[in-house]
Amino acid sequence: MFRGANIERVVFFGFVLGLAICPFWLGSNRLGPWGVNATLFSTLLIAYECSLLASGKPHPFPIQSIKIPAICFALVVAWIVVQMTPYVPRSWTYPIWDISSDAINRDLRGSISVNPDLTMLALVRLMTAASVFWLALQFGRSFDRSAQTLDAISIIGACYAAYGVISLIVAPDLILWFPRSGYGTAANDVVTSTFINRNNFATYAGITLVTCIGVTMSLFRRRIEAVDGSILVRLAEGAITAAGKGGYFLVFIFFMASALILTGSRGGIFASVFGLVILALLTWTRSKSRLSLILCLLSAAIVLASLSSLGDLFFERLESIGADNVDRRAVYRLVIQSIQDSPWLGFGYGTFMDVFPLYRDASVGLHSFWDKAHNTPLEIIEGLGLPASALLFTSIGFLIWYCFDAIESTKRRSTPCLVAIAATAIVLLHGLVDFSLQIQAVTLTWCAILGTGVAQFTPRTERID
């Protein structure tokens with residue numbers, strides 16, 4: 001029992017440490033960090049599962065409770081493996097394999113995937129995200145662990161936000177110790193923190209911001225509601241909380257909101273505001289108390305204060321809406337065309353980089369480089385095909401529904417669910433116009449938040465009325 005508890009603490013520490021490190025290396029958008037993250041989180045997962053087997057303890061959150069999304073996800077993974085394998089009917093393989101065979105006068109065993117190596121890399125990233133989700137799901141079943149996870153994500157996000165703002169002032173021409181001029185997507189007058197692309201950091205800042213706001217509102221609400229007395233007594237308790245831990249989190253919110261706005265990312269800021277509205281509405285409709293409304297308004301006031309003082313860049317970017325979207329619309333059209341050519345089998349998960357040149361035409365700027373579609377759902381459908389994509393989207397949809405259901409069925413543990421829904425709204429909305437979900441630091445952090453939220457779900461058959 002003692003050893004099992006020690007292993008669990010070590011695994012949880014490694015889990016939080018992994019979430020803290022993954023944004024550092026340029027958002028983990030490189031091959032090296034992919035390998036490190038895959039090794040770290042898979043090792044933590046194996047250690048955790050082995051500790052449960054050795055102690056004979058069941059999973060805190062059994063997989064049977066989410067069997068529908070688990071089955072859907074397992075089928076998607078199986079299909080990705082099929083896409084990579086050469087042992088499929090010849091009629092299923094992409095014609096490029098036959099063309100290559102004729103060109104070199106040698107029979108090549110083709111696959112559904114245009115590039116099995118890219119598909120394998122994408123599968124590794126997908127399984128890394130699944131490992132983070134599973135660990136967060138198990139840890140999140142504990143009230144203390146779920147609170148610690150959200151606290152950690154808030155603090156980590158605040159640190160990267162503070163670094164982004166400070167680095168913009170002190171060393172605007174650097175990302176970490178790399179020259180910013182080497183990365184064409186970054187400008188010297190915007191906050192990108194340790195990320196290359198400001199849009200990607202905007203999504204990361206948005207999901208950590210809603211997490212921090214959810215944690216802060218929960219902290220103030222618990223402290224104030226625990227005090228019996230007049231309004232003045234409760235206000236005094238609120239002031240005491242603000243002078244302690246609550247004050248730190250209010251500062252975190254200001255730094256995150258400031259960094260988010262200084263990215264100048266229209267899509268990232270719009271998506272984040274949308275997530276904040278979702279969080280505020282769900283918080284207020286759940287309790288319908290004046291205290292919740294006041295806390296929502298206080299958080300909104302901090303964000304608006306940041307916007308009014310630091311939002312010049314954002315408003316300048318708003319004036320240019322539509323000026324740089326012509327190429328994206330052309331890319332979307334070409335991706336849809338490619339989906340129509342292989343709607344059932346797909347071209348191989350994660351192979352957009354190799355598929356797009358086959359369809360590119362003069363409608364896309366000659367000097368622009370496209371290794372991502374800037375629309376994650378379209379890119380997933382192109383890679384997986386419609387049936388497998390529908391299974392993946394269904395899996396995510398059920399997980400979100402579980403969070404909604406948990407809000408209604410639990411009173412004390414609703415904050416992780418509220419935060420998970422708001423963060424999911426941000427990443428999914430921004431994913432329609434950008435590729436932040438394909439940046440591992442964003443994906444892993446979101447999976448940790450979503451897993452913590454789903455962990456609060458209890459199937460109706462197991463509930464005690």
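Residues numbered from 1 in each chain as written. Predicted model: local features only at pLDDT ≥ 70, side-chain atom pairs only at ≥ 80, totals over all residues. Heavy atoms only, no water.

> Just give me the short version of the layout of surface pockets, but keep the residues and values in it.
In this model, the largest pocket occupies a volume close to 1,300 Å³. Along the wall of the largest pocket there are 47 residues; nearest its centre are Arg 125, Leu 126, Ala 129, Tyr 349 and Thr 443. Of all the elements in the fold, those that place two or more residues in the lining of the largest pocket are helix H2 (31–55), helix H3 (67–84), helix H5 (116–139), helix H14 (352–359), helix H15 (376–384), helix H16 (386–409) and helix H18 (440–454). Ranked by residues supplied to the lining of the largest pocket, first place goes to H5 with 11 residues. Of the residues in the lining of the largest pocket, the class split is 33 nonpolar, 10 polar and 4 charged. (1 Å grid on protein atoms, 1.4 Å probe; cavity = no way out; pocket = protein on both sides within 12 Å on 5 of 7 lines; lining within 4 Å. Points joined across faces, edges and corners; volume = space filled by probe spheres on them. Helix = DSSP H or I, 4+ residues; strand = E, 2+ residues; numbered from the N terminus. Nonpolar A, V, L, I, M, F, W, Y, C, P; charged D, E, K, R; others polar.)

> Tell me about the nonpolar core, and please be specific about residues and values.
Of all hydrophobic cores here, the largest spans 83 residues; its most connected members are Phe 15 and Val 454. Core analysis: the second largest hydrophobic core is formed by 15 residues, Val 77, Ile 80, Tyr 349 and Leu 392 among them. (Core = buried A, V, L, I, M, F, W, Y, C linked by side-chain atoms within 4.5 Å. Buried < 20%, exposed > 50% of the residue type's maximum accessible area, 1.4 Å probe, protein only.)

> Kindly report on helix H9 (residues 245–262), identifying the contributing residues and their values.
Counted at 1.5 Å a residue, the expected span for H9 with its 18 residues is 26 Å, and the 26 Å between its end C-alpha atoms agrees. Trailing H9 by a residue or two, Gly 264 shows a phi angle of about 70°, which is positive. (Expected span 1.5 Å × (residues − 1).)

> Give a detailed account of empty space enclosed by the protein, specifying residues and quantitative values.
With the rule as written, the count across this model stands at 2 cavities of 30 Å³ or more. Here the largest cavity is characterised by a volume of approximately 40 Å³. Every residue lining the largest cavity is listed: Gly 214, Met 217, Ser 218, Arg 221, Leu 279, Thr 283, Thr 415 and Leu 418. For the lining of the largest cavity, the secondary structure elements donating two or more residues are helix H7 (198–225), helix H10 (266–287) and helix H17 (415–430).

> Could you give an account of the packing of H3 against H5, naming the residues involved and the relevant values?
For the pair H3 and H5, the least separation of the axes is 9 Å and the interaxial angle reads 160°. The angle between H3 and H5 places the two elements in the roughly antiparallel class. Relative to H5, the crossing made by H3 is left-handed. Here Phe 73, Val 77, Ile 80, Val 81 and Met 84 of H3 come into contact with H5, specifically with Pro 116, Thr 119, Met 120, Leu 123, Leu 126, Met 127 and Ala 130. Partitioning the contact of H3 with H5 into residue classes produces 11 nonpolar, 1 polar and no charged. (Axes fitted to C-alpha atoms, helices over the stretch in contact; angles between N-to-C directions. Parallel < 35°, antiparallel > 145°, perpendicular 65-115°, else oblique. Left-handed = near helix turned anticlockwise from the far one by under 90°. Contact = heavy atoms within 4.5 Å.)

> With reference to specific residues and values, describe H7.
End to end, H7 covers 39 Å across 28 residues, agreeing with the expected 40 Å (1.5 Å per residue, within 8%). Across the 28 residues of H7, 25 count as buried, placing the element largely inside the fold. Sitting at the head of H7, Asn 197 places a side-chain oxygen 2.7 Å from the backbone nitrogen of Asn 199. (Polar contact = N/O pair within 3.5 Å; in protein donor to acceptor, adjacent residues only side chain to side chain.)

> A description of the pattern of salt bridges should follow, citing residues and the corresponding values.
Applying the stated criterion to the full structure yields 5 salt bridges. With its nearest N and O atoms 2.9 Å apart, the salt bridge here joins Glu 8 to Arg 145. With Glu 8 in helix H1 (residues 2–21) and Arg 145 in helix H6 (residues 143–170), the pair connects residues that are 137 residues apart, well separated along the chain. Given the relative accessible area of 16%, Arg 145 is considered buried. (Salt bridge = Lys/Arg side-chain N within 4 Å of Asp/Glu carboxyl O.)

> Describe the packing of aromatic side chains, listing the residues and the values that go with them.
Counted according to the given criterion, the structure contains 21 aromatic pairs. Centre to centre, the rings of Phe 15 and Phe 139 are 5.7 Å apart; their planes meet at 50°, and the pair counts as tilted. Linking Phe 15 in helix H1 with Phe 139 in helix H5, this pair joins segments that are 124 residues apart in sequence. Here Phe 15 matches Phe 139 in class, with each residue buried. Judged by centre distance (6.5 Å) and plane angle (55°), the ring pair of Trp 79 and Trp 92 falls under tilted. Separated by 13 residues along the polypeptide, Trp 79 in helix H3 and Trp 92 in the loop between H3 and helix H4 (96–104) bring together distant segments of the chain. Looking at Trp 79, the relative accessible area reads 17%, which means it is buried. The structure contains a cluster of three or more aromatic residues connected by ring pairs, namely Phe 12, Phe 15, Phe 41, Tyr 48 and Phe 139. (Phe/Tyr/Trp six-rings, centres within 6.5 Å; stacked < 30°, edge-to-face > 60°.)

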